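Next come the chains, spelled out residue by residue.
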Amino acid sequence: MTSTAPDSPSPADDAAFEAAQAIEAAAQADGATRKRPKPGERRVQILQALATMLEQPGAERITTAALAARLEVSEAALYRHFASKAQMFEGLIEFIEQSVFGLINQLGEREPDANLRSRKIITLLLQFGEKNPGMTRVMVGDALVFENERLQQRMNLFFDKIESALRQNLRETSVLTGAATPTVDAQADASVITAFCVGRLQRFARSGFKRSPSESLEHSLALLLPVNRP
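(A) Fine view of the overall build of the protein. Each helix and strand in the protein was counted, giving 10 helices and 0 strands. Listed by position from the N terminus, the elements making up the protein come as α-α-α-α-α-α-α-α-α-α. The buried share of the protein, taken over its 230 residues, is 39%. Within the protein, contacts between residues at least 6 apart in sequence are counted, and of these 66% link residues at least 24 apart. Carbon and sulfur atoms provide 53% of the accessible area of the protein, an area that totals close to 13500 Å².

Printed below as a string of structure tokens:
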């Protein structure tokens, strides 16, 4: 009786096995590549999650632990993209500044009527807040109460710039209408209008986003900026 040794894998079998392993490894690597956020994408995801969390009732103070849990990552993963939570809020403020002032700059180029430019500044500011409720909490400072003081100072500067843009337009309007003290009038009017905008945004945030900042806006604009100013 003769015994036979087990068949040894042929070179063709070895090649097929290696090819299958290579295909599987490539598929796994491709899947990992697709899942891995592109450079800068994770930063955007973090800021979007933070803004969304700020839209929730009672979300004035958000911890990095809660933010990490929402994103299903570790806190250490957050700090690979932002040095601190203050830097995350600075990212939101940069978005607010770029969005609002980008639109205001376009108005300066497209709208020749200074009074209409002022009206449109108010409208776009309030509409921006209405469409971005989480950002509104940042704009009015409710989300910054327990954060670094420089964040609130930066938002104060944001509204100072809004007031400055209004003042420039209002002075132009006052000059055209022959006002005796155009600079003084423009400064006073711009201050009142800016306070109106801040008040509307604060009411929106503190009402749980129930009171629209653009509520009865046309009527308010008619009082603040009549089309035919004297």
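(B) The arrangement of unusual backbone geometry in detail. Phi is positive for Phe209, close to 70°, though the residue is something other than glycine. Looking at the element boundaries, Phe209 is found in the loop between α9 (182–206) and α10 (217–224). A residue is classified by how much of its surface remains accessible, and Phe209, at 19% relative accessible area, is buried.

(C) Summary view of the pattern of salt bridges. Within this structure, the stated rule accounts for 11 salt bridges. A salt bridge links Arg154 to Glu97, with the nearest nitrogen and oxygen atoms 2.9 Å apart. In this pair, Arg154 is assigned in helix α8 (residues 149–176) and Glu97 in helix α5 (residues 85–110), connecting sequence segments 57 residues apart. Residue class for Arg154 comes out partly exposed when judged on its relative accessible area of 23%.

(D) Structural view of α8. When the terminal C-alpha atoms of α8 are compared, their 41 Å separation across 28 residues agrees well with the 40 Å that a helix rising 1.5 Å per residue should span. Among the residues making up α8, those that are buried are Leu151, Met155, Phe158, Phe159, Ile162, Glu163, Ala165, Leu166, Asn169, Leu170, Thr173 and Ser174. Of the residues that open α8, the one with a side-chain oxygen 2.9 Å from the backbone nitrogen of Arg150 is Asn148. Just past α8, the residue Gly178 takes up positive phi, approximately 75°.

(E) Inspection of the confidence of the model for the protein at higher detail. Scored by pLDDT, the protein has a mean of 86; 80% of the residues are at 70 or more. Ignoring residues within four places in sequence, the model shows residues 1–6, a span with pLDDT below 50, making 0 contacts including any to other chains. Long-range and interchain partners of residues 29–34, a stretch whose pLDDT sits below 50, account for 0 contacts in this model, where long-range means more than four residues apart.

(F) Region of interest: the packing of α5 against helix α6 (residues 114–131). It is at 10 Å that the axes of α5 and α6 come closest, and there the two elements cross at 155°. With respect to α6, the axis of α5 lies roughly antiparallel. Where α5 crosses over α6, the handedness of that crossing is right-handed. For the pair α5 and α6, contact is made by Phe95, Ile96, Ser99, Val100, Leu103, Ile104, Leu107 and Gly108 and by Arg117, Lys120, Ile121, Leu124, Leu125 and Phe128, respectively. In the contact of α5 with α6, the residues fall into 10 nonpolar, 2 polar and 2 charged.

(G) Representation of the environment of Arg167 within the structure. With respect to the helices, strands and loops of the structure, Arg167 is situated in helix α8. Given the relative accessible area of 30%, Arg167 is considered partly exposed. If sequence neighbours within four positions are ignored, Arg167 has contacts with Ala186, Gln187 and Ala190.

(H) A look at the packing of aromatic side chains. Enumeration over the complete set of coordinates arrives at 4 aromatic pairs. For the ring pair Phe95 and Phe128, a centre distance of 6.2 Å and an interplane angle of 40° mean the geometry is tilted. Of this pair, Phe95 sits in helix α5 while Phe128 sits in helix α6, placing them 33 residues apart in sequence. On the accessibility criterion, Phe95 (39% relative accessible area) is partly exposed. The buried category is assigned to Phe128, whose relative accessible area is 10%. A ring pair is formed by Phe101 and Phe158, whose centres lie 5.1 Å apart and whose planes are at 55°; its orientation type is tilted. Placement of the pair is Phe101 in helix α5 and Phe158 in helix α8, with a sequence separation of 57 residues. Phe158 shares its class with Phe101; the two are buried. An aromatic cluster of three or more residues is present, and its members are Phe101, Phe158 and Phe159.

Conventions we followed
Residues numbered from 1 in each chain as written. Predicted model: local features only at pLDDT ≥ 70, side-chain atom pairs only at ≥ 80, totals over all residues. Heavy atoms only, no water. Helix = DSSP H or I, 4+ residues; strand = E, 2+ residues; numbered from the N terminus. Buried < 20%, exposed > 50% of the residue type's maximum accessible area, 1.4 Å probe, protein only. Contact = heavy atoms within 4.5 Å. Areas by Shrake-Rupley, 256 points an atom, 1.4 Å probe, with all protein chains shown as cover. Salt bridge = Lys/Arg side-chain N within 4 Å of Asp/Glu carboxyl O. Expected span 1.5 Å × (residues − 1). Polar contact = N/O pair within 3.5 Å; in protein donor to acceptor, adjacent residues only side chain to side chain. pLDDT = per-residue confidence, 0-100. Axes fitted to C-alpha atoms, helices over the stretch in contact; angles between N-to-C directions. Parallel < 35°, antiparallel > 145°, perpendicular 65-115°, else oblique. Left-handed = near helix turned anticlockwise from the far one by under 90°. Nonpolar A, V, L, I, M, F, W, Y, C, P; charged D, E, K, R; others polar. Phe/Tyr/Trp six-rings, centres within 6.5 Å; stacked < 30°, edge-to-face > 60°.

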